[in-house]
Amino acid sequence: MLQNIPTHLIAGPLGAGKTSLIRHLLGQRPSNERWAVLINEFGQIGLDAALLNTDDDGVSMGEVAGGCLCCVNGAPFQVGLGRLLRRARPDRLFIEPSGLGHPAELLAQLRLPPWRGVLAVQPSVMVLDAQALASGAVLPQAQAQALASAGLLVLNKAGIVDERQRLWISSRLPPAALRWVDHGGIELADLPKAAEEQVDNSPVDNVIPDGKAQVAALWTDPTRPLCSYQQAADGWSIGWRFHPQQRLDLARLQVLIEGLEWQRAKMVVHGAQGWRSANALDGQALAWEESAWRKDSRIELIFSGPQDHAALERAMLDCRLPVDH
């Protein structure tokens, strides 16, 4: 029976380091436990699961792409979470909402049917960019509203923030447990826990939503990517998925992407030297890392407003290498 699964909401604004923190926690999974991770992304492509990809058979991933995961009464979220729970039957669940989402609303909804009794929702973890806060960055309203109810505030990228800046940042945050870290490096024991009296041991008769898995789009031409773009209240995103046989010129791709004015750039790419990933915020230079992902190349860009998608598509096509036969 699926009952009282410890559930951790890992929230925070775009680029704060939520995915890095979850990756660090996954490395601490006890060998006798099954874990699951549900990821929401603003764009349609679904990239964080690829960035988190691991060879660990004890970790199951689920995605809800293309919107705000605070809309938990919507079918995509209900079905996505229900399907993940049925498939993974996890001993612990992590949920990472989009940095453009509304974590306080999501946390409240997860404590209601059909999830009440199924999930033992723990106090949330808010991941914040210490470097950005020290520079005077203002949190989006939905993220700021979630601070007061958080059980742990993780100040990530703290290595270059001095003591004076830390005191200044702390004075502007609500009273809560703080961790100053780099690369999301918290310990499993640091995760906040709900009080024992909050655990619901009553019989669970909720009907966990289920549904058919979404049929993945197929390539009619392995040399041409699948492209998707969308406008939402908080930004405009565009993403591409390339056939596994298609390789990209990483140098040309880097010049293209670094010449654009985006808010967020994430990608896992099959290049001439193998599979590489990059994850950057607000025009930062791309720093390539080796990736365990092998399914397909994925690129996603988030802008503050609409772009010429046809021009972006043409530029992206120019980054292709010849397909091996």
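Our structure is the block above this text.
As a starting point, this report considers the structure included with it. Just so it is clear, the structure is predicted and the values come from calculations on it, not from any experiment.

Rules used in this analysis
Residues numbered from 1 in each chain as written. Predicted model: local features only at pLDDT ≥ 70, side-chain atom pairs only at ≥ 80, totals over all residues. Heavy atoms only, no water. Phe/Tyr/Trp six-rings, centres within 6.5 Å; stacked < 30°, edge-to-face > 60°. Helix = DSSP H or I, 4+ residues; strand = E, 2+ residues; numbered from the N terminus. Buried < 20%, exposed > 50% of the residue type's maximum accessible area, 1.4 Å probe, protein only. Contact = heavy atoms within 4.5 Å. Salt bridge = Lys/Arg side-chain N within 4 Å of Asp/Glu carboxyl O. Pairing = 2+ DSSP bridges. Polar contact = N/O pair within 3.5 Å; in protein donor to acceptor, adjacent residues only side chain to side chain.

This paragraph deals with the packing of aromatic side chains. This structure, assessed with the given rule, holds 3 aromatic pairs. Ring geometry for Tyr229 versus Trp236: centroids 5.9 Å apart, planes at 35 degrees, classification tilted. A centroid spacing of 5.9 Å and a plane angle of 55 degrees characterise the contact between Trp236 and Phe303, whose relative ring orientation is tilted. Highlighted residues: Trp236 in strand S10 (residues 235-242) and Phe303 in strand S14 (residues 297-303), separated in sequence by 67 residues. Given a relative accessible area of 4%, Trp236 falls into the buried group. According to the relative accessible area criterion, Phe303 is buried, its value standing at 1%. Each member of the aromatic cluster is reached from another via a ring pair, and the members are Tyr229, Trp236 and Phe303.

Let us now look at the environment of Gln131. Summarising the element assignment, Gln131 is placed in helix H5 (residues 130-134). With 24 residues separating them in the primary sequence, Gln131 and Leu155 have C-alpha atoms 8.7 Å apart. Discounting residues that sit within four places of it in the chain, Gln131 has contacts with Asn156, Lys157, Ile160 and Val161.

Quick look at the pattern of salt bridges now. Two side chains bearing opposite charge may form a pair once their charged atoms approach each other closely. Under the defined criterion, the tally for this structure stands at 6 salt bridges. The residue Arg179 makes a salt bridge to Asp190 at a minimum N-O spacing of 3.5 Å. Here Arg179, found in strand S8 (residues 177-180), pairs with Asp190, found in the loop between S8 and strand S9 (226-232); they are 11 residues apart in sequence, far enough to count as distant. The class for Arg179 is partly exposed, based on a relative accessible area of 31%. Given the relative accessible area of 22%, Asp190 is considered partly exposed. When salt bridges with common partners are traced through the structure, they connect Arg241, Asp296 and Arg298 into a single cluster.

Here the focus is the pairing of strand S12 (residues 274-281). As a general feature of sheets, a regular strand has side chains that alternate between the two faces. Pairing of strand S11 (residues 264-271) with S12, which is carried by 8 bridges, proceeds in the antiparallel orientation. Following the sheet pairing, Gly271 is matched in S12 by Gly274. Here S11 folds back onto S12, and the loop between the two strands holds 2 residues. Two elements, S12 and strand S13 (residues 289-290), share 2 bridges in a ladder whose sense is antiparallel. Bridge pairing in S13 places Ser277 opposite Glu289.

Here we take up the side chain of His243. Along the chain, His243 falls in the loop between S10 and helix H8 (250-258). Here Gln245 takes part through its backbone nitrogen, which lies 3.0 Å from a polar atom of the side chain of His243. In this structure His243 touches Trp219 and Pro222, once residues within four positions along its chain are discounted.

Before going further, it helps to spend a moment on unusual backbone geometry. Trans peptide bonds make up the majority, and among non-glycine residues the majority have a negative phi. Between Pro113 and Pro114 the backbone carries a cis peptide bond, its omega angle lying at 5 degrees. Its place among the elements puts Pro114 in the loop between helix H4 (103-110) and strand S5 (119-121). One non-glycine residue, Lys157, lies in the positive phi region at around 60 degrees. For Lys157, the position within the fold is in the loop between strand S7 (152-156) and helix H7 (163-171).

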